[in-house]
Amino acid sequence: MKKVGLFFGTFNPIHIGHLVIANHLVEFSDLDEVWFVITPQSPFKTKQSLLDDHHRYQMVYEAVQEYPKLKPSKIEFDLPQPNYTINTLVHLDESYGKDHQFSLIMGEDNLKSFHKWKNYETILEHYSLYVYPRISEGKMDHQFKDHPKITKVNAPIMEISSTFIRREHKKGKNIRPLLPYAVWKYMDEMNFYR
């Protein structure tokens, strides 16, 4: 049974912070692989700064080429929108469940609002959560403290954001060190976020 951590996000663009956390999880936890699940653009809210799904998938694909335990996933592209995490998990179990065991990867900031997620109790009943540290405001819901399905991972704190990268790139700042080289190359060639 392969243990797979699902790292959800828009990855607009994927940056070294994402890679550091994902790599830390496959090297220093019991996860065998981490799949980057790229969230599709919602048809109900069009954000101009959000690149098309296939471009964000391509950047994730480029970023993980040198890391055999990290995989890009466009599983959500084919699911009805708007989509909820619980639907993705059910779909993945139906498709891969015989030989894969799925868990969620999230930042501590997301865990603080996890009680607002659709069917969060069902998710916690059937799936484990791997939580990496983030500098964030707010309190942890008491039900998530010392929960047997929640593993806190002592990963490096990565305070890099895709929003910062897009904003500063548009201003002409050199943000190359924040991106895997292949992602920077693709982004530059395609003239994204200018």
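As a reminder, the structure under discussion sits directly above these lines.
In this report, the structure presented in the accompanying data block is examined. Everything numeric here is computed off the predicted structure, so don't read it as measured data.

Conventions and cut-offs
Residues numbered from 1 in each chain as written. Predicted model: local features only at pLDDT ≥ 70, side-chain atom pairs only at ≥ 80, totals over all residues. Heavy atoms only, no water. Helix = DSSP H or I, 4+ residues; strand = E, 2+ residues; numbered from the N terminus. Rg over C-alpha atoms; globule rule 2.2 N^0.38 Å. Buried < 20%, exposed > 50% of the residue type's maximum accessible area, 1.4 Å probe, protein only. Contact = heavy atoms within 4.5 Å. Core = buried A, V, L, I, M, F, W, Y, C linked by side-chain atoms within 4.5 Å. 1 Å grid on protein atoms, 1.4 Å probe; cavity = no way out; pocket = protein on both sides within 12 Å on 5 of 7 lines; lining within 4 Å. Points joined across faces, edges and corners; volume = space filled by probe spheres on them. Nonpolar A, V, L, I, M, F, W, Y, C, P; charged D, E, K, R; others polar. Pairing = 2+ DSSP bridges. Axes fitted to C-alpha atoms, helices over the stretch in contact; angles between N-to-C directions. Phe/Tyr/Trp six-rings, centres within 6.5 Å; stacked < 30°, edge-to-face > 60°. Parallel < 35°, antiparallel > 145°, perpendicular 65-115°, else oblique. Left-handed = near helix turned anticlockwise from the far one by under 90°.

### What to know about the overall build of the protein chain
Next up, step 1: Counting its regular elements, the protein chain contains seven helices and six strands.
Next up, step 2: Starting at the N terminus, the α and β elements of the protein chain follow one another as β-α-β-α-β-α-β-α-α-β-β-α-α.
Next up, step 3: Radius of gyration (C-alpha) of the protein chain: 17 Å, near the 16 Å computed for a compact globule of 194 residues.
Next up, step 4: Oriented by its inertia axes, the alpha-carbon framework of the protein chain measures out at about 45 × 35 × 35 Å.
Next up, step 5: Per-residue burial for the protein chain yields a buried fraction of 46% across its 194 residues.
Next up, step 6: For the protein chain, contacts bridging at least 24 residues in sequence account for 69% of all contacts bridging at least 6.

### A short note on the nonpolar core
Across soluble globular proteins, nonpolar side chains show a tendency to be buried alongside one another.
Next up, step 1: Grouped together as the largest cluster of nonpolar side chains are 35 residues, with contacts concentrated most on Phe7, Ile14, Val34 and Phe36.
Next up, step 2: Here Phe36 is in contact with Phe7, Phe11, Ile14, His18, Leu19, Ala22, Val60, Val64, Leu70, Lys71, Pro72 and Ser73, once residues within four sequence places are set aside.
Next up, step 3: Grouped together as the second largest cluster of nonpolar side chains are 22 residues, Trp35, Ile86, Met106 and Tyr127 included.

### Some details on the layout of surface pockets
Next up, step 1: Taken as a whole, the largest pocket encloses approximately 1200 Å³ of empty space.
Next up, step 2: Around the largest pocket, the lining comprises 41 residues; the ones closest to its centre are Phe8, Gly9, Thr10, Thr39 and Asn110.
Next up, step 3: Taken together, the elements giving at least two residues each to the lining of the largest pocket come down to strand S1 (2-9), helix H1 (16-28), helix H3 (85-96), strand S4 (100-107), helix H4 (108-112) and helix H6 (162-170).
Next up, step 4: Split by residue class, the lining of the largest pocket holds 17 nonpolar, 17 polar and seven charged.

### A short note on the environment of Lys139
Next up, step 1: When you line up the elements, Lys139 lands in the loop between strand S5 (128-132) and strand S6 (150-152).
Next up, step 2: Its relative accessible area of 76% is what places Lys139 among the exposed residues.
Next up, step 3: Sequence separation of Lys139 and Asp109 is 30 residues, and the distance between their C-alpha atoms is 9.2 Å.

### What about the environment of Val64?
Next up, step 1: Note that Val64 resides in helix H2 (residues 53-64).
Next up, step 2: Sequence separation between Val64 and Leu92 is 28 residues, and the spatial gap between their C-alpha atoms is 21 Å.
Next up, step 3: Each residue touching Val64, except ones within four places of it in the same chain, is listed here: Leu19, Phe36, Leu70, Lys71 and Pro72.

### Concerning the side chain of His18
Next up, step 1: Along the chain, His18 turns up in helix H1.
Next up, step 2: His18 gets classed as buried once you look at its relative accessible area, which sits at 13%.

### Here we look at the sheet that holds strand S3 (residues 70-73)
Next up, step 1: Read from one edge to the other, the open sheet built from six strands follows the order S3-S2-S1-S4-S5-S6, with strand pairing classed as parallel. This sheet does not close on itself; its edge strands, each paired only once, are S3 and S6. Averaged over all neighbouring strand pairs, the angle between strand axes comes to 30°, with direction disregarded.
Next up, step 2: One ladder, built from five bridges, connects S4 with S5; its direction is parallel. Pairing of Gly107 across the sheet is with Tyr132, part of S5.
Next up, step 3: Helix-sheet contacts for H3 involve S1, strand S2 (33-38) and S4, and the interaxial angle to S4 is about 155°.

### Points about the packing of aromatic side chains
Next up, step 1: Under the counting rule described, the total for this entry stands at 14 aromatic pairs.
Next up, step 2: Between Phe11 and Phe36, the aromatic rings sit 5.3 Å apart at their centres with planes inclined by 80°, giving edge-to-face as the arrangement. With Phe11 in the loop between S1 and H1 and Phe36 in strand S2, the pair connects residues that are 25 residues apart, well separated along the chain. Of the two residues, Phe11 and Phe36, neither departs from the other in class, the shared state being buried.

### Observations concerning the packing of H2 against helix H7 (residues 181-189)
Next up, step 1: Remark: H2 packs on H7, axes separated minimally by 7 Å, with the N-to-C direction vectors making an angle of 150°. Relative to H7, the element H2 lies roughly antiparallel. Relative to H7, H2 is oriented so that their crossing is right-handed. Residue-level inspection shows His55, Gln58, Met59, Glu62 and Ala63 of H2 in contact with H7, the latter providing Ala182, Val183, Tyr186 and Met187.
Next up, step 2: When its residues are assigned to classes, the contact of H2 with H7 shows six nonpolar, two polar and one charged.

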